[in-house]
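Take a look at the letters that make up each chain.
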Amino acid sequence: MDSAVTVNHVTQVYVTEERATLAVQGIDFAIARGEFVSLIGPSGCGKTTLLSIIAGLIRPTAGTVTVAGNPVNGPSTRVGYMLQQDYLFPWRTIEANACMGLEIAGLLTKEKKQGVLHLLEEMGLYSFKDYYPSQLSGGMRQRVALVRTLATEPELLLLDEPFSALDYQTKLQLEDLVVETLQAKKKTALLVTHDISEAIAMSDRIIVLDPNPGRMRQEFHIPEEIRTSVPFEARELPGFHALFRLIWQEFGGHEA
Ligand SMILES: Nc1ncnc2c1ncn2[C@@H]1O[C@H](COP(=O)(O)OP(=O)(O)OP(=O)(O)O)[C@@H](O)[C@H]1O
């Protein structure tokens, strides 16, 4: 497999003055280039910990991670991170916010700025480029965050519940937009979500983690018919509900 990411025997122990917490233990998986994988599991099973390790924000207690064949030793522009909150700066225009990642990485050239304007156009935001974040809806702000993430041309996108603060309709629209954009740009993605139906609708594969400590439990490969449909339409397919029920039963009908 031509891997975009490999996670090799990763273990993370958080040590505070009061206690040591074994957050994840012996995690092994790989993600192929262009693949969209979701991580689901009960609260506290280490999903965000794993994303932080892959992003190079935390050095794991044991194990290694590679992105595009390179060992992860710290943050890099190879990896883009999108979170539940958009973290736009209120005093910067939409264009200036969208350029932030490039600016921080010292990569903001005239050409790159053109690329950002092009992305804003693709996301239906060009006419808002001189607006400020407070003048935009939550969904539009998340689209700006997506532009900011894509602007540095990361090979891998880490998506940590990026739709969970949005209303249902906006969330469905954004899911379609993200899947179509990432497919068109052949990006690899790892999504953390509590929403089983979102995971099925958006992914090629779902990895389920068990808690205490976080460990790999099971993988689900999404059938081709669902994988090749945009999330909104995927939800209408007959196989979707059977798969939802199967994963739901895995969780004992509890929260993912
Ligand atoms: N900085 C930290 N210091 C100490 N313990 C931590 C820290 N971050 C996370 N943990 C612990 O590690 C475990 C995994 O946490 P993590 O946030 O990765 O789980 P999660 O699956 O993302 O949870 P959620 O679904 O609630 O966001 C939990 O027991 C948590 O309390």
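Owing to the predicted nature of the structure, the values given are computational and were not obtained by experimental measurement.

Calculation criteria
- Residues numbered from 1 in each chain as written.
- Predicted model: local features only at pLDDT ≥ 70, side-chain atom pairs only at ≥ 80, totals over all residues.
- Near = placed C-beta within 6 Å.
- Helix = DSSP H or I, 4+ residues; strand = E, 2+ residues; numbered from the N terminus.
- Nonpolar A, V, L, I, M, F, W, Y, C, P; charged D, E, K, R; others polar.
- Buried ≥ 20, exposed ≤ 12 C-beta atoms within 10 Å, placed from the backbone.
- Pairing = 2+ DSSP bridges.
- Contact = placed C-beta atoms within 7 Å.
- Axes fitted to C-alpha atoms, helices over the stretch in contact; angles between N-to-C directions.
- UniProt positions renumbered as here; feature names shortened; annotations may be inferred.
- Expected span 1.5 Å × (residues − 1).
- Arc of directions from axis to C-beta.
- Core = buried A, V, L, I, M, F, W, Y, C linked by C-beta atoms within 7 Å.
- Left-handed = near helix turned anticlockwise from the far one by under 90°.
- Parallel < 35°, antiparallel > 145°, perpendicular 65-115°, else oblique.

### What about the site of the ligand?
Around the ligand, the neighbouring residues are Tyr14, Thr16, Thr21, Ala23, Ser43, Gly44, Cys45, Gly46, Lys47, Thr48 and Thr49. Counting only elements with at least two residues in the shell around the ligand, the list comes to strand 2 (20–32) and helix 1 (47–54). Counting residues per element, the shell around the ligand draws most heavily on helix 1, which supplies three residues. Split into classes, the residues belonging to the shell around the ligand amount to three nonpolar, seven polar and one charged.

### Side note on helix 1
By the criterion of burial, helix 1 is predominantly enclosed, with six of the eight residues buried. Where helix 1 is concerned, the buried positions are Lys47, Thr49, Leu50, Leu51, Ile53 and Ile54. Downstream of helix 1 by one or two residues, Gly56 has phi in the positive range, about 80°.

### Here we look at the sheet that holds strand 5 (residues 70–71)
Neighbouring strands of a sheet are bound in pairs by backbone hydrogen bonds; such pairs are parallel or else antiparallel. Pairing is antiparallel across the open sheet formed by four strands, whose spatial order is 2-1-4-5. If you trace the sheet from one side to the other, it starts and ends with strand 2 and strand 5, each paired once. The pairing of strand 4 (residues 62–67) with strand 5 spans two bridges and is classified as antiparallel. From the neighbouring strand, Val67 faces strand 5, where its bridge partner is Asn70. Sitting on the sheet, helix 1 is in contact with strand 1 (3–15), strand 2 and strand 4, with an inclination near 120° to strand 1.

### Comments concerning the UniProt feature "domain: ABC transporter" (unreviewed entry) in the protein chain
The UniProt record annotates "domain: ABC transporter" (unreviewed entry) at residues 5–236. Here residues 5–236 is 33% helix and 28% strand, with 31 Å between the C-alpha atoms at its ends.

### What to know about helix 6 (residues 168–184)
Taking 1.5 Å per residue, 17 residues should reach 24 Å; helix 6 reaches 24 Å between its end C-alpha atoms and fits that length. Among the residues of helix 6, those classed as buried are Leu174, Glu175, Val178 and Val179. Taken around the axis of helix 6, the buried residues stretch over an arc of 135°, which confines them to a single face. Exposed and oriented more than 90 degrees from the buried face of helix 6 are Gln169 and Ala184. Buried residues along helix 6 sit against helix 5 (138–151), helix 7 (196–202) and helix 9 (231–234). Phi for Lys186, located one or two positions after helix 6, is positive at around 55°.

### What to know about the nonpolar core
If you look at the biggest cluster of nonpolar residues, it comprises 67 residues, and the most contacted ones within it are Ile54, Val147, Leu158 and Leu190. Looking at this core element by element, the count peaks at seven residues for helix 5. When near neighbours in sequence (up to four residues on either side) are disregarded, Val147 contacts Ala98, Val116, Leu119, Leu120, Met123 and Leu125.

### Examining the pairing of strand 9 (residues 205–210)
One ladder, built from four bridges, connects strand 3 (residues 36–40) with strand 9; its direction is parallel. In the sheet register, Leu39 faces strand 9, and the bridge partner there is Ile207. With six bridges connecting them, strand 9 and strand 10 (residues 215–221) associate as antiparallel partners. Paired with Val208 across the two strands is Gln218, which belongs to strand 10.

### Observations regarding the packing of helix 4 (residues 110–122) against helix 5
In a pair of packed helices, the angle between the axes and the distance between the axes together describe the arrangement. At their nearest, the axes of helix 4 and helix 5 sit 10 Å apart, and the two run at 145° to each other. Regarding helix 4 and helix 5, the two cross each other, and that crossing is right-handed. Of helix 5, the residues touching helix 4 (which contributes Gly115, Val116, Leu119 and Leu120) are Val147, Leu150 and Ala151. When the residues that make up the contact of helix 4 with helix 5 are grouped by side-chain class, the tally is six nonpolar, one polar and no charged.

### Digging into the packing of helix 5 against helix 6
Where helix 5 contacts helix 6, the axes come no closer than 10 Å and their chain directions differ by 20°. The angle between helix 5 and helix 6 falls in the class roughly parallel. Between helix 5 and helix 6 the crossing geometry is right-handed. Of the residues in helix 6, those in contact with Gly138, Gly139, Gln142 and Leu146 of helix 5 are Thr170, Gln173, Leu174 and Val178.

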